[in-house]
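The lines below spell out each chain.
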Amino acid sequence: MSRAILYDATLCVGCRQCEAACAEAHNLPYDDDIGAVEKTSATKLTTILTRGDSFMRRLCMHCEDPTCASVCPVGALEKTAGGPVVYDEDKCMGCRYCMMACPFSVPKYEWNSLLPRVRKCDMCDERQAAGKPTACAEICPTQATIFGDRDELLEEARKRIRESPDLYVPHIYGSTEVGGTSVLMLSGVPFEEFGYRADLPTTAPPVLTFRVLSRIPDIVVLSGVLLGGIWWVRHRSAEVAAAEGKMPAAAPAETKPAVESRSTLPEQEEERSSS
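Residues numbered from 1 in each chain as written. Predicted model: local features only at pLDDT ≥ 70, side-chain atom pairs only at ≥ 80, totals over all residues. Heavy atoms only, no water.

### Brief notes about the overall build of the protein chain
- Helix and strand content of the protein chain: 10 helices and nine strands.
- Counting the 275 residues in the protein chain, one finds 36% classified as buried.
- Partitioning the intrachain contacts of the protein chain with sequence separation of at least 6 by distance along the chain shows that 58% fall at a separation of at least 24. (Helix = DSSP H or I, 4+ residues; strand = E, 2+ residues; numbered from the N terminus. Buried < 20%, exposed > 50% of the residue type's maximum accessible area, 1.4 Å probe, protein only. Contact = heavy atoms within 4.5 Å.)

Dropping the structure here:
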């Protein structure tokens, strides 16, 4: 079964231990200054956002059908069966299409590196392979972030909303956005207040693209038939016009010019007078 993360913002206390654990798991420097960490970067793969007394996490959503992987021309990004969207830096050619295509604006580029890479949360793929939960879920002291099977986490999220409807926004963010994600979120305040888009389609963008591209052969065939028909009509019209132009016109009746008859009269008179 696909694995996932469930983040419940109503249980989050903003301790930022998830940030520190993520940095340690990925051998990244960690700056605990709030002003510096309230956004993700090439060295900050997850962060806690604050809006008054409310908190929210930002990290890669690990889409079920990731747009970043579909646009990558060299297959550097891949969705694994276990849930994470992983990145192979040896394949990457630095085109950064993934950064432009991601509906959550997650991938970041190492602009200051001599050998730059694209960086983002990998949902602790190596830890999962070793049978461990993600570092952020393991360290969370309030169980605001938990790790498990996606279907079970979806059911747990529905249960929490059902049992405490006044506590939660009645939506599990990531359950349907862009076809579903492996990071699921619950919140007591609208997700839009933390910069999460509310206008995302429920169908994955790669599926929409495939639907359009799959119709191209039909369009090409119909266009060929239409252009062929236009060519035949024009060619046929030209043939008809040419045939009509080659038809011989009716010859006019031969008549003896009146001037000729007049010109012979003086000659005849001379012959008569000489005789």
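Don't stop here, the text continues.
### Here's the deal with the pattern of salt bridges
- Within the structure shown, the criterion is met by 15 salt bridges.
- A salt bridge links Arg-119 to Glu-110, with the shortest nitrogen-to-oxygen separation between them at 3.3 Å.
- Residue classification places Arg-119 among the buried residues on the basis of a relative accessible area of 13%.
- Judged by relative accessible area, Glu-110 falls into the buried class, the value being 11%. (Salt bridge = Lys/Arg side-chain N within 4 Å of Asp/Glu carboxyl O.)

### Notes on the sheet that holds strand β8 (residues 145-149)
- Here we have three strands laid out as an open sheet, ordered β8-β1-β9, and mixed in their pairing. Of all the strands in the sheet, the pair left with one neighbour each is β8 and β9 (183-186). For this sheet, the mean inter-axis angle between neighbouring strands, taken without regard to orientation, is 25°.
- By the bridge criterion, five bridges tie strand β1 (residues 3-8) to β8 in an arrangement that is antiparallel. The residue bridging Tyr-7 from the neighbouring strand is Thr-145, located in β8. (Pairing = 2+ DSSP bridges. Axes fitted to C-alpha atoms, helices over the stretch in contact; angles between N-to-C directions.)

### Brief notes about the nonpolar core
- One finds Tyr-7, Met-56, Phe-104, Tyr-173, Met-185 and Tyr-196 to be the most contacted residues of the largest nonpolar core, which totals 37 residues.
- If you list the elements that add at least two residues to this core, you get β1, α1 (17-25), β2 (47-51), β3 (54-58), α6 (135-139) and β9.
- Per element, the largest residue contribution to this core is three residues, and it comes from α1.
- Setting aside anything within four residues of it in sequence, one finds Tyr-7 in contact with Cys-12, Ile-48, Phe-55, Met-56, Arg-57, Ala-144, Thr-145, Leu-184, Met-185 and Leu-186.
- If you look at the next biggest cluster of nonpolar residues, it comprises 11 residues, including Leu-6, Leu-153, Ala-157 and Leu-184. (Core = buried A, V, L, I, M, F, W, Y, C linked by side-chain atoms within 4.5 Å.)

### Considering the pairing of β9
- On β9, burial covers both faces: Val-183 and Met-185 on one face and Leu-184 and Leu-186 on the other are all buried.
- Relative to β9, β1 is paired through four bridges, and the arrangement is parallel. Within β9, the position partnered with Tyr-7 by the bridge is Met-185.

### Description of empty space enclosed by the protein
- All told, the structure shown has five cavities of 30 Å³ or more when counted by the stated rule.
- Computed from the structure, the largest cavity encloses a volume of approximately 110 Å³.
- If you trace the largest cavity, you find 17 residues lining it, with Cys-12, Cys-15, Cys-18, Ile-48 and Cys-140 closest to the centre.
- Secondary-structure elements contributing two or more residues to the lining of the largest cavity are α1 and α6.
- Residue composition of the lining of the largest cavity, grouped by class: 11 nonpolar, four polar and two charged. (1 Å grid on protein atoms, 1.4 Å probe; cavity = no way out; pocket = protein on both sides within 12 Å on 5 of 7 lines; lining within 4 Å. Points joined across faces, edges and corners; volume = space filled by probe spheres on them. Nonpolar A, V, L, I, M, F, W, Y, C, P; charged D, E, K, R; others polar.)

### A word on the packing of aromatic side chains
- With the rule as written, the count across this model stands at four aromatic pairs.
- Between the aromatic rings of Phe-104 and Tyr-173, the centroid separation amounts to 6.5 Å while the plane-to-plane angle is 70°, which identifies the pairing as edge-to-face. Of this pair, Phe-104 sits in the loop between α4 (97-101) and β6 (108-109) while Tyr-173 sits in the loop between α7 (150-163) and β9; the two residues are 69 residues apart in sequence, bridging distant segments of the chain. Accessibility assignment for this pair places Phe-104 and Tyr-173 in one class, buried.
- Between Tyr-109 and Trp-111, the ring centres sit 4.9 Å apart and the planes meet at 75°, which makes this aromatic pair edge-to-face.
- The exposure class assigned to Tyr-109 is buried, which follows from its relative accessible area of 12%.
- Through successive ring pairs, a cluster of aromatic residues spans Phe-104, Tyr-173, Phe-191 and Tyr-196.
- Residue placement shows Arg-58 over the ring face of Tyr-196; its charged tip is 4.6 Å from the ring centre.
- Against the face of Tyr-109 rests Arg-96, its NZ or CZ located 4.8 Å from the ring centre. (Phe/Tyr/Trp six-rings, centres within 6.5 Å; stacked < 30°, edge-to-face > 60°. Lys NZ or Arg CZ within 6 Å of the ring centre and 35° of its normal.)

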